[in-house]
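Overview (structure and organization)
What follows is the residue order along each chain.
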Amino acid sequence: MRKYFLLLALALSQALSAPAWAQDYPVRDIRSVCNFAPGSGADIIVRYYSDKLSRLAGKPVVVENKPGAQGLLATDYVAKSKPDGYTILITPASSTLATAPHIFKHIPFDPLKDFQPVTTINSLPFVVAVDAAKPYRSLEEFIAALRAKEGNGFYGTQSNTGQVSAELLKAHTGLKTAYVPFKITGDAFTALLGGNIDWMSVDATWAATQHPHKVRILAVTSAKRSSTLPDIPTMIELGYKDFDITAWWGVVVAAGTPRPIVDKLAGWVNQITLAEDTKQFLARSALEAFPGSPEQMAALIKTDTERWRGYVRMAKIEPQ
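Conventions used here
Residues numbered from 1 in each chain as written. Predicted model: local features only at pLDDT ≥ 70, side-chain atom pairs only at ≥ 80, totals over all residues. Heavy atoms only, no water. Helix = DSSP H or I, 4+ residues; strand = E, 2+ residues; numbered from the N terminus. Buried < 20%, exposed > 50% of the residue type's maximum accessible area, 1.4 Å probe, protein only. Contact = heavy atoms within 4.5 Å. Areas by Shrake-Rupley, 256 points an atom, 1.4 Å probe, with all protein chains shown as cover. Pairing = 2+ DSSP bridges. Salt bridge = Lys/Arg side-chain N within 4 Å of Asp/Glu carboxyl O. Axes fitted to C-alpha atoms, helices over the stretch in contact; angles between N-to-C directions. Parallel < 35°, antiparallel > 145°, perpendicular 65-115°, else oblique. Nonpolar A, V, L, I, M, F, W, Y, C, P; charged D, E, K, R; others polar.

This part is about the overall build of the chain. When helices and strands are counted, the chain shows 11 helices and 10 strands. For the chain, the spread of C-alpha atoms along the principal axes amounts to about 85 × 40 × 35 Å. Evaluated residue by residue, the chain yields a buried proportion of 51% over its 320 residues. Here the contacts in the chain between residues at least 6 apart in sequence split such that 77% fall between residues at least 24 apart. Only carbon and sulfur atoms are counted for the fraction: they give 56% of the accessible area of the chain, which is about 15200 Å².

Okay, the side chain of threonine 96 next. Along the chain, threonine 96 falls in helix 4 (residues 93–103). Residue classification places threonine 96 among the buried positions, given a relative accessible area of 2%. Leave out the neighbours within four places in its chain, and threonine 96 touches Asn35, Thr75, Thr91 and Phe109.

Each regular strand shows side chains that alternate between the opposite faces of the sheet. The sheet contact formed by strand 5 (residues 154–157) and strand 6 (residues 178–181) spans 4 bridges and is parallel. Bridge pairing links threonine 157 to proline 181 in strand 6.

On to the pattern of salt bridges, then. One pass over the structure, following the stated rule, counts 14 salt bridges. In this structure, arginine 47 and aspartate 43 form a salt bridge, with 2.9 Å as the shortest nitrogen-oxygen distance. Placement of the pair is arginine 47 and aspartate 43 together in helix 2 (residues 41–57), with a separation of 4 residues, close to one helical turn. In this structure aspartate 43 comes out as buried when scored by relative accessible area, which is 4%. Salt bridges here are not isolated pairs; linked through shared partners, they connect Arg31, Glu64 and Lys66.

Turning next to the packing of helix 6 (residues 160–173) against helix 11 (residues 294–315). With their axes 9 Å apart at the nearest point, helix 6 and helix 11 run at an angle of 75 degrees to one another. Judged by the inter-axis angle, helix 6 sits roughly perpendicular to helix 11. Contacts between helix 6 and helix 11 pair Asn160, Thr161, Gln163, Val164, Glu167, Leu168 and Ala171 from the former with Trp308, Tyr311, Met314 and Ala315 from the latter. Here the contact of helix 6 with helix 11 is built from residues that sort into 7 nonpolar, 3 polar and 1 charged.

When you tally the buried positions in strand 8 (residues 215–220), you get 6 out of 6 residues, the bulk of the element. In the sheet, strand 4 (residues 115–131) pairs with strand 8 via 5 bridges, with the strands oriented antiparallel. Looking at strand 8, one finds that valine 127 is bridged to valine 220.

See below:
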């Protein structure tokens with residue numbers, strides 16, 4: 001009986017002390033893990049948010065780059081970290097979490113069970129881009145030209161999201177346009193200007209820097225128009241029902257992290273995202289501010305994981 005009361009007293013002590021511990025968070029440096037190499041576009045976003053977060057949290061937020069395996073290395077590292085809020089992952093979650101189970105044969109983590117979502121931070125559409133020297137002024141004109149071409153021409157991209165976007169357009173139109181894979185976007189751009197491919201399916205970050213002088217963007221793949229490209233219609237506006245391919249970023253911590261800490265982090269990150277200087281920072285890369293909540297991000301991961309199962313099959317992407 002005495003042992004029972006001792007155990008009960010210990011449990012009550014832990015229950016009472018947990019909120020105080022969470023209230024004091026953080027009491028030391030926070031590690032912000034980046035999936036990709038220093039100097040990359042992803043690294044710039046991670047460092048921007050980490051710097052802003054350190055000012056709000058009152059403690060240093062130290063970026064630690066762990067590139068490798070297309071982002072899986074860093075993602076797995078955070079999945080296996082201590083669930084105390086001192087290791088966070090600011091990541092292109094639509095690919096590192098939602099898409100990963102379908103493009104890799106084996107991943108060392110469960111994107112739905114091994115993470116506690118904190119909040120979304122930004123979103124990014126993909127686009128249909130053609131050589132600006134060509135006469136096509138609308139997607140309708142361009143598709144008509146492709147139909148008149150033997151084999152319906154060629155498209156290029158260097159990402160799975162770009163391939164899925166293009167294959168979804170083909171599914172809607174019945175085009176047989178052949179896919180030409182590229183390792184880097186610059187090579188696809190060279191092929192486009194050289195007439196070796198007819199169009200690019202590429203992220204708006206890159207395309208916005210070339211539009212309208214080098215490439216002409218005919219449509220964006222997001223459900224809503226991009227604030228960076230307000231004059232470009234969406235695929236849905238052009239009559240392609242349910243056409244919404246949008247990459248997005250978010251913040252996660254290890255599953256089991258106390259909810260008061262998660263809520264603190266979510267509040268700080270959303271405060272950063274909603275700040276005017278952040279919106280301007282994101283707009284320079286054609287990114288849209290996309291604040292949210294732990295529940296909204298969890299639902300989005302689940303929805304996109306299921307959607308991408310079908311997308312990968314449609315695009316005939318072979319898992320690596």
